[in-house]
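# Report on the structure
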Amino acid sequence: MSAIQSRIIAQCDSYSARNYHPLPIVIAEGKGVWVWDTDGRRYLDCLSAYSALNQGHRHPRIIAALTEQAGRVTLTSRAFHNDRMGPFLEKLCRVAGMDMALPMNTGVEAVETAVKLVRKWGYTVKGVHDGRAEIIVCSNNFHGRTTTAISASSEPAYRDGFGPFTPGFVKVPFGDADAIRAAVTPDTVAVLIEPIQGEGGIVIPPDGYLAEVRRICDEAQVLLALDEIQTGLGRTGHLFCYQHEAEAAPDVLIVGKALGGGVYPVSAVLASRDLLGLFQPGDHGSTFGGNPLAAAVGEAALDVILDEALADRSRTLGDHLMRQLRAINSTQVAEIRGRGLFVGVEIRPEAGPARHYCERLMDLGVLVKETREQVIRIAPPLVITTEEIDWMVAQFRAVL
Ligand SMILES: *Cc1c(COP(=O)(O)O)cnc(C)c1O
């Protein structure tokens, strides 16, 4: 590492709270699937800011939308209408097959919004007694870092030292539909799950799981809320991950990350008119939610995903990537699993922690990050080419 990079990292260590443990690289520039450090060394970004960069760094259409809108108006607040939010939300609703959307900024804010929405429905429509609503979530989940989101978490690292927690969450094992059926009570208002647990280590549930959960929800008058913040918008080879199964469409769909096209935080909760229509003025809000800059960026981010068929790309290239990785046949690897360009390489415990492999890969110009102790997550921008994947795999071969 150069003196410049050491100095910048030391500066961050003294002025930034240490709530992250980043790899020792200082990025100064990005374009498409590539980033450059302060010394001009080039790296292939195979994390994509946790899938917030599905369209790649600084996609020209998204940057054009950002700068064009920045030259007109950027923030109005929802006290007034702006001319960008309507077109954006109409497009988002059409793409997702939903009636209405509520725009927020970060992913966890959209999760919070969804929690409030399903509770409101529980009290006003289902008839649950006030203060009793229960939401079923899965252990090993990740829904963000607010007090309510960590209240739904089972991860000690996220929770320890941060109680008391928001009540009303019931945790069951992921991938076990019978456990959900057994956990449903008359007070259950929703099941909130990720179609694939991303932060949890790219955990893919058994085939038919989501459709079965959908059936359980329908039978018990319970809403199905899917957190597709990381899996959505093309990442897993469909526009939304639930589309891998027929009959698994949610009542409430939560999106974020790539909705901001890698440049600006944009998230949303989507649902039917019956559901989102329950919110009245004053029930919920956000100063920046639905602002014209976010709407312009969000619309361009969707256009790029659709026009460049990024979901199809993800499916084809993801299959290629997994085939190539499996062909390495390394004894260090316990399992390679994934859907589209959302792939986990699980390292055997006796072969050391995944972090060690991420550091070696960084030295060879591939940026990946461990999730949990033993899993290397590979999630490059969906605009990656076959040649770039083959180069990435060559670096994996060298390290494994
Ligand atoms: C990243 C993520 C969140 C939180 O999004 P933020 O923008 O970091 O608040 C919530 N749920 C899932 C599944 C995520 O991957």
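Description of the structure in this document. (Residues numbered from 1 in each chain as written. Predicted model: local features only at pLDDT ≥ 70, side-chain atom pairs only at ≥ 80, totals over all residues. Heavy atoms only, no water.)

### Some details on the overall build of the protein chain
- Within the protein chain, the secondary structure is distributed over 14 helices and 15 strands.
- Computed over its C-alpha atoms, the radius of gyration of the protein chain comes to 21 Å, within 12% of the 21 Å expected for a compact globule of 400 residues.
- By its C-alpha atoms, the protein chain is 60 × 55 × 45 Å across when sized along the principal axes.
- Out of the 400 residues belonging to the protein chain, those deemed buried represent 55%.
- As displayed, the protein chain has an accessible area near 17,100 Å², and 53% of this comes from carbon and sulfur atoms. (Helix = DSSP H or I, 4+ residues; strand = E, 2+ residues; numbered from the N terminus. Rg over C-alpha atoms; globule rule 2.2 N^0.38 Å. Buried < 20%, exposed > 50% of the residue type's maximum accessible area, 1.4 Å probe, protein only. Areas by Shrake-Rupley, 256 points an atom, 1.4 Å probe, with all protein chains shown as cover.)

### With respect to the sheet that holds strand S2 (residues 34–37)
- One open sheet holds the four strands; their spatial order is S1-S2-S3-S13, and the pairing between them is mixed. The two strands at the open ends of the sheet, each matched to only one other strand, are strand S1 (27–31) and strand S13 (366–367).
- As paired elements, strand S3 (residues 42–45) and S13 share two bridges and run parallel to each other. Looking across to S13, one finds that Leu44 is bridged to Val366. (Pairing = 2+ DSSP bridges.)

### Comments concerning the sheet that holds strand S15 (residues 375–378)
- Reading across the sheet, the four strands line up as S11-S12-S15-S14 and stay open at both edges, with antiparallel pairing between neighbours. At either margin of the open sheet sits one strand with a lone partner, and together these are strand S11 (333–339) and strand S14 (369–371). Averaged over all neighbouring strand pairs, the angle between strand axes comes to 30°, with direction disregarded.
- Across four bridges, strand S12 (residues 342–347) lies against S15 in antiparallel orientation. Bridging across to S15, Gly344 finds its partner in Arg377.
- Sheet contacts for helix H13 (residues 354–363): S12, S14 and S15; angle to S14, the most-contacted strand, approximately 165°. (Axes fitted to C-alpha atoms, helices over the stretch in contact; angles between N-to-C directions. Contact = heavy atoms within 4.5 Å.)

### Comments concerning the pattern of salt bridges
- For the structure on display, the rule yields 25 salt bridges.
- Between Lys91 and Glu299 there is a salt bridge, with the nearest N and O atoms lying 3.5 Å from each other. Taken together, the positions of Lys91 in helix H4 (residues 85–96) and Glu299 in helix H11 (residues 292–307) put the pair 208 residues apart, joining distant regions of the chain.
- For Lys91, a relative accessible area of 23% corresponds to the partly exposed category.
- With a relative accessible area of 15%, Glu299 lands in the buried category.
- Arg337 is paired through a salt bridge with Glu335; the nearest N and O atoms lie 2.6 Å apart.
- Residue Arg337 is classed as buried on the basis of its relative accessible area, which comes to 13%.
- Assessed through its relative accessible area of 39%, Glu335 is described here as partly exposed.
- Ionic contacts of the salt-bridge type, sharing partners, join the residues Arg61, Arg84, Lys91, Glu299, Asp303 and Asp307 into one network. (Salt bridge = Lys/Arg side-chain N within 4 Å of Asp/Glu carboxyl O.)

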